Amino acid sequence: MNPTNHSQVAGFVLLGLSQIWELRLLFFMVFSAVYLLTVTGNLLIVAVITSDPRLHTTMYFLLANLSFLDFCYSSITAPRMLTDLLSGNPTISFSGCLTQLFFFHFIGGIKIFLLTVMAYDRYVAISQPLRYTLMMNQTVCGLLMAASWLGGFIHSIVQVGLTIHLPFCGPNKLDNFYCDVPQLIKLACTDTFVLELLMVSNNGLVTLMCFLVLLGSYIALLFMLRSHSREGRSKALSTCASHIAVVTLIFVPCIYIYARPFWTFMMDKAVSVLYTMVTPMLNPAIYTLRNKEVIIAMKKLWRKQNFLLNSGEH
């Protein structure tokens, strides 16, 4: 198809999760609760870590950043999805679509790099305990975070740069509840085979390699723990188990979506819901349920808030 013979579409229609009104209403109620829990849980972790001086360590600094990113990540897609579930005309402009695409991959890219930094932090803490504070000081931690943000920005710019010049001349129905590369490419009225290969290598293969490296590092850490004391081994195992669970929840859906040709499968939307809505909600629970320090800090913050409220009433 020759794109010069067709006009560029002004926007896209998001088909969303369902066209059946009763199902859309059910999804609205369920995902409203999910988004509320996501916002509350992640911002609570940020507040707890920020307010308690005992948690001002590298590990918790990185955890607070991950929680903030999870809040941002779900907020890129969830509010619009909830609005569109009740809307009779869920459309998004071309510029709005590219903006959502940029921030979706920007925050997602930062999370991928941050999880790598968190794995490196645990590796240094377990393999080099005496040099840990020197190797992971505030300067190093700040530089690693800055590198994560820069990496996310570069990754996102590549996605937008490869997509923005595609000719979209119709149809304009996007089979998803947010704008993403696989669905957009399928609407382009030109041959996108080479572009798909570039996208798969940029997204899927890089994500797969990072996932395998992270799994390998955590397996190596588990072997190192055999020489630690029982108490130290138990605490490190709990932390590593939390990290592995979060890494798996984030990476596996991304590999499923991006490390294959952009064909449509029945599970695509369910997997998209998993890593855009469900995983950011689960991360706070995974990191805090077995973390005594965070639980104690939460109770301390709760008592402080109750004291301030009671003082205000009197």
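Residues numbered from 1 in each chain as written. Predicted model: local features only at pLDDT ≥ 70, side-chain atom pairs only at ≥ 80, totals over all residues. Heavy atoms only, no water.

Engineer: Which residues make up the packing of aromatic side chains, and what values go with them?
Structural biologist: Applying the stated rule across the entire model yields 15 aromatic pairs. Note on phenylalanine 94 and phenylalanine 168: the rings are 5.8 Å apart at their centroids and 55° apart in plane angle, and the pair reads as tilted. With a gap of 74 residues between them, phenylalanine 94 in helix α3 (residues 94-127) and phenylalanine 168 in the loop between α5 (138-164) and β3 (173-174) connect regions that are remote in the sequence. On the accessibility criterion, phenylalanine 94 (18% relative accessible area) is buried. An aromatic cluster of three or more residues is present, and its members are Tyr73, Phe104, Phe177, Tyr178 and Tyr275. The ring of tyrosine 256 has arginine 260 sitting right over it, with the charged end atom 4.7 Å from the ring centre. (Phe/Tyr/Trp six-rings, centres within 6.5 Å; stacked < 30°, edge-to-face > 60°. Helix = DSSP H or I, 4+ residues; strand = E, 2+ residues; numbered from the N terminus. Buried < 20%, exposed > 50% of the residue type's maximum accessible area, 1.4 Å probe, protein only. Lys NZ or Arg CZ within 6 Å of the ring centre and 35° of its normal.)

Engineer: So what about a nonpolar patch on the surface? Which residues, and what values?
Structural biologist: A cluster of nonpolar side chains, Ile20, Trp21, Leu23, Leu25, Leu26, Met29, Val30 and Leu86, forms an exposed patch at the surface whose accessible area comes to about 700 Å². Per-element tally for the nonpolar patch: the top contributor is helix α1 (residues 21-51), with six residues. Along the chain, isoleucine 20 falls in the loop between β1 (11-14) and α1. (Patch = residues over 30% accessible without salt bridge, like charges linked within 9 Å, V, L, I, M, F, W, Y side chains within 5 Å. Areas by Shrake-Rupley, 256 points an atom, 1.4 Å probe, with all protein chains shown as cover. Salt bridge = Lys/Arg side-chain N within 4 Å of Asp/Glu carboxyl O.)

Engineer: If you had to explain α1 to someone new, which residues and values would you point to?
Structural biologist: Here α1 is 31 residues long and its end C-alpha atoms lie 44 Å apart, about the 45 Å a rise of 1.5 Å per residue gives. Among the residues of α1, Arg24, Phe31, Val34, Tyr35, Thr38, Val39, Gly41, Asn42, Ile45, Val48 and Ile49 are the ones counted as buried. (Expected span 1.5 Å × (residues − 1).)

Engineer: A description of the nonpolar core should follow, citing residues and the corresponding values.
Structural biologist: One broad rule of soluble globular proteins: the nonpolar side chains tend to lie buried together. In this structure, Phe12, Leu115, Phe168, Phe251 and Tyr275 are the most contacted members of the largest nonpolar core, which totals 85 residues. Considering every element that reaches this core, the biggest residue donor is α3, with 16 residues. Each residue touching tyrosine 275, except ones within four places of it in the same chain, is listed here: Tyr73, Phe104, Tyr178, Asp180, Pro253, Cys254, Ile257, Tyr258 and Pro280. (Core = buried A, V, L, I, M, F, W, Y, C linked by side-chain atoms within 4.5 Å. Contact = heavy atoms within 4.5 Å.)

Engineer: Could you give me a rundown of empty space enclosed by the protein, with the residues and numbers involved?
Structural biologist: If you walk through the whole model with that rule in mind, you get one cavity of 30 Å³ or more. Among the elements that line the lining of the largest cavity, the one with the most residues is helix α6 (residues 181-187), at three residues. Each residue belonging to the lining of the largest cavity can be placed in one class, and the counts come to five nonpolar, two polar and three charged. (1 Å grid on protein atoms, 1.4 Å probe; cavity = no way out; pocket = protein on both sides within 12 Å on 5 of 7 lines; lining within 4 Å. Points joined across faces, edges and corners; volume = space filled by probe spheres on them. Nonpolar A, V, L, I, M, F, W, Y, C, P; charged D, E, K, R; others polar.)

Engineer: Now, about the state of the cysteines: what can you tell me, with residues and values included?
Structural biologist: Evaluation of the coordinates by the stated rule reveals two disulfides. Two residues, cysteine 97 and cysteine 179, share a disulfide whose sulfurs are 2.1 Å apart. Handedness of the cysteine 97-cysteine 179 disulfide follows from its S-S torsion of about -125°: it is left-handed. Of this pair, cysteine 97 sits in helix α3 while cysteine 179 sits in the loop between β3 and α6; the two residues are 82 residues apart in sequence, bridging distant segments of the chain. Across this residue pair, the class does not change: cysteine 97 and cysteine 179 are buried. (Disulfide = S-S within 2.5 Å.)

Engineer: Any details on the layout of surface pockets? Residues and values, ideally.
Structural biologist: Roughly 610 Å³ of internal volume is contained in the largest pocket. Surrounding the largest pocket, 24 residues form its lining, Thr57, Thr58, Met59, Arg122 and Tyr132 being those nearest its centre. The set of elements that each furnish at least two residues to the lining of the largest pocket consists of α2 (58-86), α3, α4 (132-135), α5 and α8 (230-258). Of the residues in the lining of the largest pocket, the class split is eleven nonpolar, nine polar and four charged.

Engineer: Residues and numbers for the packing of α5 against helix α7 (residues 193-224), please.
Structural biologist: It is at 11 Å that the axes of α5 and α7 come closest, and there the two elements cross at 170°. Comparing the axis directions of α5 and α7 gives the class roughly antiparallel. Contacts between α5 and α7 involve His155, Val158, Gln159, Leu162 and Thr163 from the first element and Leu195, Leu198, Met199, Asn202 and Asn203 from the second. Looking at the contact of α5 with α7 residue by residue, the classes come out as five nonpolar, five polar and no charged. (Axes fitted to C-alpha atoms, helices over the stretch in contact; angles between N-to-C directions. Parallel < 35°, antiparallel > 145°, perpendicular 65-115°, else oblique.)

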